[in-house]
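# Architecture and fold: a report
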Amino acid sequence: MAEMNVEFINPFLMAATSILHDMCQLDVKIGKPYVKTTEFDEDSVITMIGVTGEMRGQVLIAFSLPVACDIASKMIMMPISEMNELSMSAISELGNMILGNAATILSTKGIGIDITPPSLCRGTMSITTSYARNICIPLAYADGKYVELDIALKQE
């Protein structure tokens, strides 16, 4: 299994913290990265985005259902209590913005990547990542809420 160069995690963290601040008015604290299996429980909402080009793999942005509703509420500036078409669209777009910004940051370092359209997944699931090790970085905000950034990429 490929090891991921930690230098390539920072552009994703920079993009995620910037977008969460600008779009949701959240100041997140970056938690300690760790290697994680990609397993999620029934309360999960996951945006999955594939990466191709000079780096290949996938990036997952995972939330508990209450956190996904909270983030969607902040994005569309109205209360959201369930994942409906509008809130799912907001969460998918959040993934697009984060990965788009990460791609821009990587391009300034001479690394070209393309991203796939996001897939939104809900509930219990497990993803096999034999291609690259999955690095999980929790992004915590108010009262113990957090967004999980799972990065499983390798450089070509």
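First, a word on scope: everything that follows refers to the structure included in this document.

Each value, and the rule that gives it
Residues numbered from 1 in each chain as written. Predicted model: local features only at pLDDT ≥ 70, side-chain atom pairs only at ≥ 80, totals over all residues. Heavy atoms only, no water. Core = buried A, V, L, I, M, F, W, Y, C linked by side-chain atoms within 4.5 Å. Buried < 20%, exposed > 50% of the residue type's maximum accessible area, 1.4 Å probe, protein only. Helix = DSSP H or I, 4+ residues; strand = E, 2+ residues; numbered from the N terminus. Contact = heavy atoms within 4.5 Å. Axes fitted to C-alpha atoms, helices over the stretch in contact; angles between N-to-C directions. Parallel < 35°, antiparallel > 145°, perpendicular 65-115°, else oblique. 1 Å grid on protein atoms, 1.4 Å probe; cavity = no way out; pocket = protein on both sides within 12 Å on 5 of 7 lines; lining within 4 Å. Points joined across faces, edges and corners; volume = space filled by probe spheres on them. Disulfide = S-S within 2.5 Å. Pairing = 2+ DSSP bridges. Expected span 1.5 Å × (residues − 1). Polar contact = N/O pair within 3.5 Å; in protein donor to acceptor, adjacent residues only side chain to side chain. Salt bridge = Lys/Arg side-chain N within 4 Å of Asp/Glu carboxyl O.

Grouped together as the largest cluster of nonpolar side chains are 46 residues, with contacts concentrated most on Phe-12, Met-55, Phe-63, Ile-71, Leu-139 and Leu-149. Elements with a minimum of two residues in this core: helix 1 (10-24), strand 4 (44-53), strand 5 (55-64), helix 2 (65-76), helix 3 (85-108), strand 9 (135-141) and strand 10 (145-155). Leaving out residues up to four positions away in the same chain, Phe-63 has contacts with Asp-43, Ser-44, Val-45, Thr-47, Ala-68, Ile-71, Ile-91, Leu-94 and Val-147. Formed by 7 residues, the second largest nonpolar core is a distinct cluster that contains Phe-40, Leu-60, Met-125 and Ile-127.

Moving on, we get to the packing of helix 2 against helix 3. Relative orientation of the contacting elements helix 2 and helix 3 amounts to 85°, with a least axis distance of 9 Å. Considering the angle they form, helix 2 stands roughly perpendicular to helix 3. Where helix 2 approaches helix 3, its residues Ala-68, Ile-71, Ala-72, Met-75 and Ile-76 are matched on the opposing element by Leu-86, Ser-87, Ala-90, Ile-91, Leu-94 and Met-97.

Considering only enclosed or pocket space, the largest pocket measures out at about 200 Å³ in volume. Mapped by element, the contributors of at least two residues to the lining of the largest pocket are strand 3 (38-40), strand 5 and strand 10.

Before going further, it helps to spend a moment on the state of the cysteines. Within this structure, the stated rule accounts for 0 disulfides. As a non-bridged cysteine, Cys-24 has Cys-69 as the owner of its nearest cysteine sulfur, 13 Å distant. Counting only cysteine sulfurs, Cys-121 is the nearest neighbor of Cys-136, a cysteine outside any disulfide, at a range of 16 Å.

We now examine the pairing of strand 10. Summarising the sheet, strand 5 and strand 10 pair through 8 bridges and their orientation is antiparallel. Following the sheet pairing, Leu-60 is matched in strand 10 by Asp-150. Sheet topology note: the strand 9/strand 10 ladder contains 7 bridges and is antiparallel. Bridging from a neighbouring strand, Pro-138 pairs with Glu-148 of strand 10. The turn joining strand 9 and strand 10, which pair antiparallel and follow one another in sequence, is formed by 3 residues; a positive phi near 55° is taken by Asp-143.

Right, let's get into helix 2. Between its terminal C-alpha atoms helix 2 stretches 16 Å, which fits the 16 Å expected from 12 residues at 1.5 Å a residue. At the C-terminal side of helix 2, Met-77 shows a positive phi close to 55°.

Residue position: Ser-87 is located in helix 3. Residue classification places Ser-87 among the buried residues on the basis of a relative accessible area of 0%. With residues near it in sequence (within four places) discarded, Ser-87 still touches Ala-72, Ile-80 and Glu-82.

Attention shifts here to helix 3. The end-to-end C-alpha distance of helix 3, which contains 24 residues, comes to 35 Å, matching closely the 34 Å that a straight helix rising 1.5 Å per residue would cover. Its side-chain oxygen at 3.1 Å from the backbone nitrogen of Leu-86, Asn-84 defines the N-terminal cap of helix 3. Once helix 3 finishes, Gly-110 follows within two positions and takes phi at roughly 80°, a positive value.

Attention now goes to the pattern of salt bridges. Counted according to the given criterion, the structure contains 4 salt bridges. One salt bridge in this structure joins Glu-148 and Lys-36, with 3.0 Å as the shortest N-O distance. Of the two residues, Glu-148 sits in strand 10 while Lys-36 sits in the loop between strand 2 (34-35) and strand 3, which places them 112 residues apart along the sequence. With a shortest N-O distance of 3.7 Å, Lys-36 and Asp-150 are connected by a salt bridge. You can see Lys-36 sitting in the loop between strand 2 and strand 3 and its partner Asp-150 sitting in strand 10, a full 114 residues away along the chain. Here Lys-36 falls in the buried class, since its relative accessible area comes to 15%. Put simply, Lys-36, Glu-148 and Asp-150 are held in one network by salt bridges that share partners.

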